[in-house]
Amino acid sequence: MEERRGSTKSSKEAAENQEKWVYDSSVDHKGNVPLRASTGVWKASLFIVAIEFSERLSYFGIATSLIIYLTKVIHYDLKSAAKSVNYWSGVTTLIPLFGGFIADAYLGRFSTVLVSSIIYLLGLILLTMSWFVPSLKPCDTQPCLEPRKIHEVVFFLAIYMISIGTGGHKPSLESFGADQFDDDHSEERKQKMSYFNWWNFGLCCGLLLGVTLVVYVQDHVSWGIADIVLMAVMATSLVIFIVGRPYYRYRRPTGSPLTPMLQVLVAAISKRKLPYPSDTAQLYEISQSEKVHGRLLCHTNKLKFLDKAAIVSTESSAEKQNPWTLATVTKVEEMKLVLNIIPIWLATLPFGICVAQASTFFIKQGVAMNRSISNSFELPPASIYSLAAIGMIISVTFYEKILVPVLRRTTGNERGINILQRIGIGMLFLIGTMVAAALVEKKRLGIVEKDPLKGSHSMSVFWLAPQFVIIGFGDGFTLVGLQEYFYDQVPDSMRSLGIALYLSVIGAGNFLSSLLITAIDHITEKRGKSWFGKDLNSSRLDKFYWLLACMTAANWCVYVFLARRYSYKNVQKVAVADCYDGEVENGGSLA
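Residues numbered from 1 in each chain as written. Predicted model: local features only at pLDDT ≥ 70, side-chain atom pairs only at ≥ 80, totals over all residues. Heavy atoms only, no water.

*Asks:* What is the right way to look at the overall build of the protein in this model?
*Replies:* From N to C terminus, the protein includes 19 helices and four strands. Taken over C-alpha atoms, the radius of gyration comes to 26 Å for the protein, in line with the 25 Å a tight globule of 591 residues would show. Counting over 591 residues, the protein shows a buried share of 55%. The long-range fraction of contacts in the protein, counting pairs at least 24 apart against all pairs at least 6 apart in sequence, stands at 79%. Just so you have it, the protein exposes about 24700 Å², and 64% of that area is on carbon and sulfur atoms. Seen as two clouds, the 58 positive and the 49 negative side-chain charges of the protein have centres 4 Å apart. (Helix = DSSP H or I, 4+ residues; strand = E, 2+ residues; numbered from the N terminus. Rg over C-alpha atoms; globule rule 2.2 N^0.38 Å. Buried < 20%, exposed > 50% of the residue type's maximum accessible area, 1.4 Å probe, protein only. Contact = heavy atoms within 4.5 Å. Areas by Shrake-Rupley, 256 points an atom, 1.4 Å probe, with all protein chains shown as cover. Lys, Arg positive; Asp, Glu negative; His and termini not counted. Charge placed at Lys NZ, Arg CZ, Asp CG, Glu CD.)

Here it is, written out as structure tokens:
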């Protein structure tokens, strides 16, 4: 009886400690185990969401008007401007792969955000100087027929500095925000699922102000004044980030996440001739108490050739101390996670290609249409992008407040639907976007053909509303789903890199969009007339949009095939026998 009471008392104390302290490998700003009540969750994440709001306001204030700046100020033709925007967007969303790696391996997420924010701010300062320093200005007189070459050089140097800043800021900040929630605490785990929705709500609010207020200043006041606004916003966000320091939970960098994967591969190859054990419990694993960083993963039956890395070929301690000859089941499963992600990443690239059109050709269509709201006010062309932000805000709110509670009760899944289902639903909206864009562009070209002198200026810019609203609504499913998927399904030591992988979908999509434009331009020009002329009226964007719609529909079928066969991360709760899937419906069926 005494023993039972002692056992009950110790279990109660352990539960109280678990509730009081955060034992998920994180530390507070003094390097101690974080106190649950005073660190992390929403009290820390709200600082981070506020910073994302500020940064996205700055980013979209530049990105959505970039094609207009290149054509109006630097005098690029449509094709060259679209390619330049795609290259810049591609670099901006691929550099996070490097930034995420540095954050996970060496600097840590807080330090990476701090350093990259300073670089971002320096880029904005240089951008402002390119408009106000006399020798760097485009021209001394108006209208500016031929801008100075030095202005072009400094302008591109500034926006690529912003790319480098974004490369460290974007993957580290989002994963740092998600780190504020403890996966092993049931209430905090549910809050983390909401975090990605509210992160994107903040992102969209920043985007909305960027493409309305900032773009209005660019269009009606001055590009230089708009740059000053962006610089002030970014400086403020940096101060906010530093003020929140005592409330954050921090993860120490664990060294290169690529080294353990290479060790698994070397060990598996060296043991390829060993017989597979009859019982997977014989595979090597350490105890939970020995695990310093991250969580233990359960064994899965896919990619079984890698399991040979965890076969104990000799009982000598020398083998167990050498990670190049023997890997734990967790390390093997982490390698499997990374390999499983590759087909999904490839299957989402057409999504990135379609998204690239929203900040290039969609905006340029708005320039050629009637943007008058009243006799005294004309809508800046980039402001039409705000409809995508509104669509995404509606989508995220609807999903979080209505759909998830209903689906939780219906399916019993904490998420409502699994992550890959959410992404797949968003891809269907993308097909609708391209179809709507093709139909509207066909109508616009018809009006131009009837009256070439007046062109499409008799057609309201709000004809573009359906394609922007649909892509925004779809982004509420696909973009948020991709963020959650790449954060959740990578190894715990690679979470900044995981967010970078999501961004790389958009980046690779931008580069592929440029390659596709070049290829189609070359092919169609050989056949008589290119789909991409000197301006919109001599182009056939409607045919390009139809091609993208068909490509996306075909790719969706491939995506469904992959999603139905996908195995989610399988985490140990207490012991090897006590495992649970990251998703209830393992396999991610979209049927």
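*Asks:* Please explain the side chain of Gln 489 as it appears in this structure.
*Replies:* Its place among the elements puts Gln 489 in helix α17 (residues 465-489). A polar atom in the side chain of Gln 489 sits 2.8 Å from the side chain of Asp 488. Excluding its chain neighbours within four sequence positions, the residues that come into contact with Gln 489 are Leu 337, Ile 341, Tyr 566, Ser 567, Tyr 568 and Lys 569. (Polar contact = N/O pair within 3.5 Å; in protein donor to acceptor, adjacent residues only side chain to side chain.)

*Asks:* In this structure, what is going on with the pattern of salt bridges? I would like to understand it.
*Replies:* A side chain of one charge can pair with a side chain of the opposite charge when the charged atoms of the two come close. Within this structure, the stated rule accounts for 16 salt bridges. One salt bridge connects Arg 36 with Glu 188, and the closest N-O pair in it is separated by 2.9 Å. One end of the pair, Arg 36, is in the loop between β1 (26-27) and α2 (41-63); the other, Glu 188, is in helix α8 (residues 186-220), with 152 residues separating them in the sequence. The class for Arg 36 is buried, based on a relative accessible area of 7%. (Salt bridge = Lys/Arg side-chain N within 4 Å of Asp/Glu carboxyl O.)

*Asks:* Would you mind going over the environment of Val 440 with me for this structure?
*Replies:* The topology assignment puts Val 440 in helix α16 (residues 419-450). Taking the C-alpha atoms as reference points, Val 440 and Ser 135, separated by 305 residues in sequence, lie 43 Å from one another. Residue contacts for Val 440: discarding those within four places in its chain leaves Met 459, Trp 463, Leu 464 and Gln 467.

*Asks:* It is not clear to me how unusual backbone geometry should be interpreted in this structure. Could you clarify?
*Replies:* The general pattern is negative phi for most residues beyond glycine and trans for most peptide bonds. Unusually for a residue other than glycine, Val 41 sits at a positive phi of about 40°. Topologically, Val 41 is positioned in helix α2. Taking the relative accessible area as the measure of exposure, Val 41 reaches 12% and is therefore buried.

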